[in-house]
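# Analysis of the macromolecular model
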Amino acid sequence: MTAPKSGPRIKIDGAGLQRRIDELALISENPAPVVTRVLFSEADLRGREYVRRAAREAGLALREDAVGNIFARWHGREPNLPAVGSGSHTDAIPNAGRFDGVVGVLGAFEALAALKRSGFSPRRSLEVVMFTAEEPTRFGLGCLGSRLMGGTIPVARAQALRDREGRGLDELRAAAGYSGSLNSVKLPKGHYHSFVELHIEQGPILEKKKIPIGIVEHIAGPSSYRVTLHGEGGHAGAVLMPKRHDAMLAGAEIALAVERAAKNSGSRDTVGTVGVFRIEPGACNSVPFKAYLEIDLRDSRLDTRAKALAEIRSAARKACVKRGVKMEFEEINADPPADGDPKAVAIVEKVCRELGLRSMRMVSRAYHDSLFMARVSPTTMIFIPCRNGWSHRPEEFATTRHIVAGAEVLAHTMARLAD
Ligand SMILES: [Zn+2]
């Protein structure tokens, strides 16, 4: 391991960190190598117990809030100063892998443990968060814990969330042992001095370029929309073409408009996807009378995303007028993008240089809890390569060497931010 020019000599316990990642992966709703830990499932609860134990082993003080965010703190010499935060999530979508989120939680524990072993004494407190429900599996809304911490979702909206079985957040969190008002989850102003999340890239760029560390300068803002189209059904043989009001064809025009608008937005980060497209009645010999689409539109810039959305809406309206189809176009969710804090980005870059690790600045195209932490604290993210850019599947893989490099950069970065 290379030593930095300044600061503590940090030795990450790579074997121990890898062992913990492998142990947590065995806590799953499905047999290995598949990892599934849906919010407040039995596996999620056992995963939380594992996280608490790992935090205690790292010598950190535990606290949990009313929605189940877990905080593990190393009290600094001046504990009243805003803390330096890190962390990620350990929930996993069905059929996922072992590294997404987990590297950022267990890696941050190890970063702090290594700093402790080095004899470092932080001025500010250092705190690791395991965020509740980064994945949207249960409620259809991701980053529930960090949204509530940042106050970016009204508590009433969180309470109105229902899972597929109709169970609400209050019922489920109570069953998981979390009581207290959700109003108390919002962090007081200035809780964090800065926040740095370690995560696998979930894309192919670092691996392809053989660069071990990515530093996030922008996080793309996700938005999604629901389009319901009401046409007129009929017999596929009997209704002649000029008389048709085919809901599916209006939907097809909208899907193509999404692609066109994303390509022509003026930002190379605009991406548009129609991932859900259902038609009724869904019979070969029947004109579709109804179509239902869900559009996902993301960008690192708000202006170009808004331009793309305006084009999609206008093209959708035209297609529906032309075809005599009625349309409902609703926003499901729209989060603005976030920028990495320039000072934090520069510190991570300097740490990498001093450790002799190549790094590059990047855009996070997936969203993370950091998108919401960026609203309440200067924030950046440290990315490490993952094989073929794979994630959200059991083949997800990152090497121990890269995980150790990420944890080492995180440790040095947090040490500098804490002084
Ligand atoms: Zn993640």
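Above: the structure in question.
Let me begin by describing the structure that accompanies this report. Here the structure is a predicted model, which is why all the values come from computation and not from measurement.

On to the pattern of salt bridges, then. Pairs may arise between side chains of opposite charge once their charged atoms sit close together. Here the structure, examined in full by the defined rule, presents 30 salt bridges. Put simply, Lys322 and Glu253 hold a salt bridge, and the shortest N to O gap is 2.9 Å. Within this pair, whereas Lys322 is found in helix α9 (residues 302-323), its partner Glu253 is found in helix α8 (residues 247-263), the two being separated by 69 residues in sequence. For Lys322, a relative accessible area of 58% translates into the label exposed. Here Glu253 falls in the partly exposed class, since its relative accessible area comes to 24%. Arg298 is paired through a salt bridge with Asp296; the nearest N and O atoms lie 2.8 Å apart.

Another point: the packing of aromatic side chains. Tallied over the entire structure, the rule returns 6 aromatic pairs. Measuring from ring centre to ring centre gives 5.7 Å for Tyr192 and Phe195, while their planes differ by 65°; the resulting arrangement is edge-to-face. Where Tyr225 meets Phe329, the ring centres are 5.9 Å apart and the plane angle is 50°; that geometry is what we call tilted. Of this pair, Tyr225 sits in strand β9 (residues 221-230) while Phe329 sits in strand β14 (residues 326-334), and the two are 104 residues apart along the sequence. Comparing Tyr225 with Phe329 shows no difference in burial state: the two are buried. The ring of Trp390 carries the charged tip of Arg393 above its face, separated from the ring centre by 4.1 Å.

With an omega of 5°, the peptide bond running from Ala32 to Pro33 counts as cis. Within the fold, Pro33 resides in the loop between α1 (14-25) and β1 (35-37). Of the consecutive residues Glu280 and Pro281, the connecting peptide bond is found in the cis state with omega at 5°. Topologically, Pro281 is positioned in the loop between β11 (271-280) and β12 (286-287). You will see that Gln202, though not glycine, has its phi angle at about 65°, which is positive.

Strand order across the open sheet formed by 4 strands is β11-β13-β9-β14, with antiparallel pairing between neighbours. The strands lining the two open edges of the sheet, one partner per strand, are β11 and β14. Here the average twist between neighbouring strands, direction ignored, is 15°. Where β9 lies against strand β13 (residues 290-299), 10 bridges are found, and the strand directions are antiparallel. Looking across to β13, one finds that Thr228 is bridged to Tyr292.

A few words on the coordination of the zinc ion. Protein-derived coordination of the zinc ion comes from His89 (NE2), Asp100 (OD) and His199 (NE2), at a distance range of 2.0 to 2.2 Å. Of note, the donors binding the zinc ion are all from one chain and are spaced H-x10-D-x98-H. Residue Asp100 is located in the loop between β5 (92-96) and α3 (102-117), and its partner His199 is located in strand β7 (residues 192-200); the two are separated by 99 residues in the primary sequence.

Moving on: the environment of Ala334. For Ala334, the location among the structural elements is in strand β14. With 17 residues separating them in the primary sequence, Ala334 and Val351 have C-alpha atoms 34 Å apart. With residues up to four places along the chain from it excluded, the contact list for Ala334 reads Pro222, Ser223, Tyr225 and Arg305.

Criteria and cut-off values
- Residues numbered from 1 in each chain as written.
- Predicted model: local features only at pLDDT ≥ 70, side-chain atom pairs only at ≥ 80, totals over all residues.
- Heavy atoms only, no water.
- Salt bridge = Lys/Arg side-chain N within 4 Å of Asp/Glu carboxyl O.
- Helix = DSSP H or I, 4+ residues; strand = E, 2+ residues; numbered from the N terminus.
- Buried < 20%, exposed > 50% of the residue type's maximum accessible area, 1.4 Å probe, protein only.
- Phe/Tyr/Trp six-rings, centres within 6.5 Å; stacked < 30°, edge-to-face > 60°.
- Lys NZ or Arg CZ within 6 Å of the ring centre and 35° of its normal.
- Pairing = 2+ DSSP bridges.
- Axes fitted to C-alpha atoms, helices over the stretch in contact; angles between N-to-C directions.
- Donors = N, O, S within 2.8 Å, 3.2 Å for Na, K, Ca; no water.
- Contact = heavy atoms within 4.5 Å.

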